[in-house]
Amino acid sequence: MAEGEGTGSSAIWAVALIIIVAIIAGVFFYSGGLSGTQKKDIDIEIKAPTR
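Cut-off values and rules
- Residues numbered from 1 in each chain as written.
- Predicted model: local features only at pLDDT ≥ 70, side-chain atom pairs only at ≥ 80, totals over all residues.
- Heavy atoms only, no water.
- Helix = DSSP H or I, 4+ residues; strand = E, 2+ residues; numbered from the N terminus.
- Buried < 20%, exposed > 50% of the residue type's maximum accessible area, 1.4 Å probe, protein only.
- Areas by Shrake-Rupley, 256 points an atom, 1.4 Å probe, with all protein chains shown as cover.
- Patch = residues over 30% accessible without salt bridge, like charges linked within 9 Å, V, L, I, M, F, W, Y side chains within 5 Å.
- Salt bridge = Lys/Arg side-chain N within 4 Å of Asp/Glu carboxyl O.
- Phe/Tyr/Trp six-rings, centres within 6.5 Å; stacked < 30°, edge-to-face > 60°.

Q: Would you mind showing me how to read the overall build of the protein chain here?
A: Broken down by element type, the protein chain carries one helix and zero strands. Residues classed as buried in the protein chain amount to 2% of the 51 residues present. Here the protein chain displays about 5,400 Å² of accessible surface, and carbon together with sulfur accounts for 65% of that area.

Q: Is there a simple way to explain a nonpolar patch on the surface in this structure?
A: Together, Val15, Ile19, Ile23 and Val27 make up a nonpolar patch on the protein surface, roughly 380 Å² of accessible area in all. Position of Ile23 among the secondary structure elements: in helix 1 (residues 3–31). Judged by relative accessible area, which is 53%, Ile23 ranks as exposed.

Q: Before we go on, may I ask you to explain the packing of aromatic side chains in this structure?
A: Within the structure shown, the criterion is met by one aromatic pair. On the basis of an interplanar angle of 75° and a centroid distance of 5.4 Å, the ring pair of Phe29 and Tyr30 is categorised as edge-to-face. In this structure, Phe29 and Tyr30 share a single accessibility class: exposed.

Here is the structure:
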């Protein structure tokens, strides 16, 4: 394998890895995993009207 082909292949893999990490970080960010806020439970009681 030539020296130039190894460098090009490494650059492609580096860019691909950066894209994959950015996608994973975006999923965590938009799902609220990195915000530190906890989900709150809301207790709702629904009753049917009586006749």
